[in-house]
Amino acid sequence: MEVLSSRILLRPADRAACRRFYRDVLGLAVYREFGPPEDPGVVFFLGQGFLEISGRSSGGPGAGLQIWLQVRDVHREHERLVDAGVPVVRPPWMESWGLLEMWIEDPEGTAIVLVEIPEGHPIRRDQRSFSPRPA
């Protein structure tokens, strides 16, 4: 599998407390925010990967942990993984937020989402500003 990017997804019971911990206590830099301004999802830089804090979990510790893997072709990976005998929790599906997602689990039950980002999706837009910065 060719992984284009990855992130750890954390679905905490208290999203605001987790945002404060990772941003203010650990000092992780914010890559992007999304969703409602009063309670946004946040993606932090995490070395060569990302940590996304979004959604909510009502389970105990560790229940809200997931792995996010961006791939070039979710349908091709679906076919390959089914052929390899990997149980598919949910086959490829276009989500309302515009990402093509498929869900599997590792042998320990950790949820893994394989994501294809279609052309034109906002995640593909260059977030850098090329306008000159004031001196």
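Our structure is the block above this text.
A. Quick look at the pattern of salt bridges. Counted under the stated rule, the structure contains nine salt bridges. Its salt-bridge partner being Arg11, residue Glu52 comes within 3.5 Å of it at the nearest N-O pair. Here the residue Glu52 occupies a position in strand E4 (residues 49-53), and Arg11 occupies one in the loop between strand E1 (3-10) and helix H1 (15-25), the gap between them amounting to 41 residues. Pair check on accessibility: Glu52 and Arg11 agree, each one buried. Linking Asp39 and Arg15 is a salt bridge whose minimum nitrogen-to-oxygen distance equals 2.8 Å. Taken together, the residues span a long stretch of sequence, with Asp39 in the loop between strand E2 (30-34) and strand E3 (41-46) and Arg15 in helix H1 at a distance of 24 residues. Using a relative accessible area of 12% as the deciding quantity, one classes Arg15 as buried. Because the salt bridges share partners, they merge into one network encompassing Arg15, Arg19, Asp39 and Arg56.

B. Geometry of a nonpolar patch on the surface. A cluster of nonpolar side chains, namely Ile8, Leu46 and Leu65, defines an oily patch on the protein surface of about 220 Å² accessible area. Residue position: Ile8 is located in strand E1. Under the relative-accessibility criterion, Ile8 is labelled partly exposed at 35%.

Reading the values: the criteria
Residues numbered from 1 in each chain as written. Predicted model: local features only at pLDDT ≥ 70, side-chain atom pairs only at ≥ 80, totals over all residues. Heavy atoms only, no water. Salt bridge = Lys/Arg side-chain N within 4 Å of Asp/Glu carboxyl O. Helix = DSSP H or I, 4+ residues; strand = E, 2+ residues; numbered from the N terminus. Buried < 20%, exposed > 50% of the residue type's maximum accessible area, 1.4 Å probe, protein only. Patch = residues over 30% accessible without salt bridge, like charges linked within 9 Å, V, L, I, M, F, W, Y side chains within 5 Å. Areas by Shrake-Rupley, 256 points an atom, 1.4 Å probe, with all protein chains shown as cover.

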